[in-house]
Amino acid sequence: MGKRLLIVSNLDSSQPFGAFTRPFYLGQNLTQYFQVFQLGLDCSAVDYAPSLSIGSRSLKSYIQNIQKCIDEFAPDIVYAQETLPSLAALIATKLKKKNNFSLVLDFHTFSPYEYWTRLFSVANPFKEFTQLIKTYIAQGLLVFSGCPIIAAGESTPQLISQWYGKNHQKIYCIGNGVAEDLLNNESRLAKDPYQALRPAKIVVVIAPKTFQFPTNDMSVSMTMEVAKSLESHQQNIHFIVIGRDSSDIAEPIPSNISFLGFLPKREDFLEHLQYADIALLPFPKQAVAGGARNKALDFFASKKLVVSTPEGLRGLEDFRHKEHLLISGYSCEEVANTIVDATRNIDEYQQLVQQAYFLIKEKYSWTAKSKYTAEILMKTIDS
């Protein structure tokens, strides 16, 4: 507990999902091993350690506040997550004449590859290409800095080698985890929020609005198309989208789909997830859905039968078709047919649910992920 750890990230408590998840839960569990200080956009949800909210995505603001934290907190390790915070941390440390700490970077995703994959399928390809160039340069600077990298995705080392022609010598892969309240959420004391829609089976999709990335928009579009194709099954199947309001949808909405909007209370989110029958990850191939990993893990931990396209499982190769979940093809017809099969045979598929849950308990809790992370962080001090 003697070592001091400064975590720098895009943590935003006003949006407690996506980019919030990794720094928040790792930070929470790393307090077992370090004295932690959190620096992020909005750290008001951080109740387990001292923190500082920047309130701005400005590179200059990040650099100034990182320097302030280094002076006042005197960390042994600076652990910077995602591209902007990592670049700011790298610059801030270069500006310091004396560095008595190690800098460790965290790549949630490999951003240039994601932008490149989506380039020809978004409404504004010029904007996407601009982001590709920016992130390619920024992440290149980070890669060639020589700092240790902790990557959330197993594919990141290979992508770094392909895009930069460099085999990074200090890169470690530690994916995301699952919160304990999901792993241990067994009770069903609350009223079924979908009672009015029964006896239809509830297929839930989580797709909040996220900063900059269109991945969830793509999943909503696919869900709409699948719902339209299954409108004749509305007595048996109803789609629920959490994180979007119907006012966000410009096109006519099928009768077999409901939009609940964002559920700010954690207990409401857990309740709506708990009473769902099937959890859907409807990501097209071009989505490059790094954020889907969080959703998939939450679904498995909640003991839901998961239906996913292959992209929805990227980075989670431990989970296999008809062993832990049902994986469809990419076409809306294939997704729809898999959902129909899942609803008709849901009892038989409960063994998949149990096997996925056992795997989650064994390898994917945030407690386990933070232990591996702490070991790597400590190694950087000793090296």
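Residues numbered from 1 in each chain as written. Predicted model: local features only at pLDDT ≥ 70, side-chain atom pairs only at ≥ 80, totals over all residues. Heavy atoms only, no water.

Asks: Even after reading the chapter, I still don't get empty space enclosed by the protein, so can you show me in this structure?
Replies: If you roll a probe as big as a water molecule over the atoms, it shows you where there is empty space left. Using the criterion set out here, one finds 1 cavity of 30 Å³ or more in the structure. Here the largest cavity is characterised by a volume of approximately 70 Å³. In terms of lining, the largest cavity is formed by H108, T109, F110, Y113, E114, G153, S155, T156, L159, R293 and R314. For the lining of the largest cavity, the residue count by class is 3 nonpolar, 5 polar and 3 charged. (1 Å grid on protein atoms, 1.4 Å probe; cavity = no way out; pocket = protein on both sides within 12 Å on 5 of 7 lines; lining within 4 Å. Points joined across faces, edges and corners; volume = space filled by probe spheres on them. Nonpolar A, V, L, I, M, F, W, Y, C, P; charged D, E, K, R; others polar.)

Asks: Sorry if this is basic, but what is going on with the nonpolar core here?
Replies: A general feature of soluble globular proteins is that nonpolar side chains tend to end up buried together. Counting 36 residues, the largest nonpolar core has V204, F299, F300, F319 and I360 as the members making the most contacts within it. If you list the elements that add at least two residues to this core, you get helix 7 (180–183), strand 8 (201–206), strand 9 (237–242), helix 9 (266–274), strand 11 (278–281), helix 10 (292–301) and helix 12 (350–363). Among the elements that make up this core, the one with the highest residue count is helix 10 (5 residues). Every residue in contact with F319, bar those within four places of it in the chain, is listed here: L297, F300, L313, H324, L325, A356, L359, I360 and Y364. Ranked by size, the runner-up nonpolar core spans 35 residues in total, among them A92, L105, F110 and V143. (Core = buried A, V, L, I, M, F, W, Y, C linked by side-chain atoms within 4.5 Å. Buried < 20%, exposed > 50% of the residue type's maximum accessible area, 1.4 Å probe, protein only. Helix = DSSP H or I, 4+ residues; strand = E, 2+ residues; numbered from the N terminus. Contact = heavy atoms within 4.5 Å.)

Asks: Could you clarify how one ought to interpret the packing of aromatic side chains in this entry?
Replies: The geometry of an aromatic ring pair is captured by two quantities: the separation of the ring centres and the angle between the planes. A full pass over the atoms with the stated rule returns 14 aromatic pairs. Ring geometry for W116 versus F120: centroids 5.8 Å apart, planes at 80°, classification edge-to-face. Judged by its relative accessible area of 42%, W116 falls in the partly exposed class. Using a relative accessible area of 70% as the deciding quantity, one classes F120 as exposed. Here F144 and Y164 contribute two aromatic rings whose centre-to-centre distance is 6.0 Å and whose plane-to-plane angle is 90°, an arrangement assigned as edge-to-face. Of the two residues, F144 is situated in helix 5 (residues 125–144) and Y164 in helix 6 (residues 156–164); the sequence distance between them amounts to 20 residues. Y164 sits in the buried class, given a relative accessible area of 12%. (Phe/Tyr/Trp six-rings, centres within 6.5 Å; stacked < 30°, edge-to-face > 60°.)

Asks: I would appreciate a short explanation of the packing of helix 2 (residues 59–73) against helix 3 (residues 83–95) in the present structure.
Replies: Relative orientation and spacing of two packed helices are given, respectively, by the angle between their axes and the distance between those axes. Contact geometry of helix 2 with helix 3 gives a least axis separation of 8 Å together with a crossing angle of 55°. Here helix 2 lies oblique to helix 3, going by the angle between them. The hand of the helix 2/helix 3 crossing is right-handed. The residues of helix 3 that touch helix 2, namely those facing L59, Y62, I63, I66 and Q67, are L84, P85, L87, A88, A89, I91, A92 and L95. (Axes fitted to C-alpha atoms, helices over the stretch in contact; angles between N-to-C directions. Parallel < 35°, antiparallel > 145°, perpendicular 65-115°, else oblique. Left-handed = near helix turned anticlockwise from the far one by under 90°.)

Asks: Explain the packing of helix 3 against helix 5 to me, please; I cannot follow it from the model alone.
Replies: Contact pair helix 3 / helix 5: the axes reach a minimum separation of 10 Å and the direction vectors enclose 50°. By the angle between their axes, helix 3 is oblique relative to helix 5. Relative to helix 5, helix 3 is oriented so that their crossing is left-handed. Along its contact with helix 3, which presents T83, S86, L87 and L90, the element helix 5 presents A138, Q139, L141 and L142.

Asks: Please explain helix 6 as it appears in this structure.
Replies: Residues spaced three or four apart along an α-helix point in a common direction, a consequence of the helix completing one turn every 3.6 residues. The complete set of buried residues in helix 6 reads T156, L159, I160 and Y164. Viewed end-on, helix 6 has its buried residues packed into an arc of 105°, placing them on one side of the element. Residues of helix 6 that are exposed and angled more than 90 degrees away from the buried face: Q158 and Q162. Downstream of helix 6 by one or two residues, G165 has phi in the positive range, about 65°. (Arc of directions from axis to C-beta.)

Asks: What should I look at first to understand the pattern of salt bridges in this one?
Replies: A side chain of one charge can pair with a side chain of the opposite charge when the charged atoms of the two come close. This model, assessed by the stated rule, comprises 14 salt bridges. In this structure, E114 engages R118 in a salt bridge whose closest nitrogen and oxygen atoms are separated by 3.8 Å. Residue E114 and its partner R118 are located together in helix 4 (residues 111–118), separated by 4 residues, close to a single helical turn. Across the pair, exposure class does not vary: E114 and R118 are buried alike. R118 serves as the salt-bridge partner of E128, at 3.0 Å between the closest nitrogen and oxygen. You can see E128 sitting in helix 5 and its partner R118 sitting in helix 4, a full 10 residues away along the chain. (Salt bridge = Lys/Arg side-chain N within 4 Å of Asp/Glu carboxyl O.)

Asks: Before we go on, may I ask you to explain unusual backbone geometry in this structure?
Replies: Of all residues except glycine, most have a negative phi; of all peptide bonds, most are trans. With an omega of 15°, the peptide bond running from R198 to P199 counts as cis. Tracing the backbone shows P199 in the loop between helix 7 and strand 8. Unlike most non-glycine residues, E82 shows phi in positive territory, near 75°. Following the sequence through the fold, E82 ends up in the loop between strand 4 (77–81) and helix 3. Among the residues examined, E82 registers a relative accessible area of 19% and is labelled buried.

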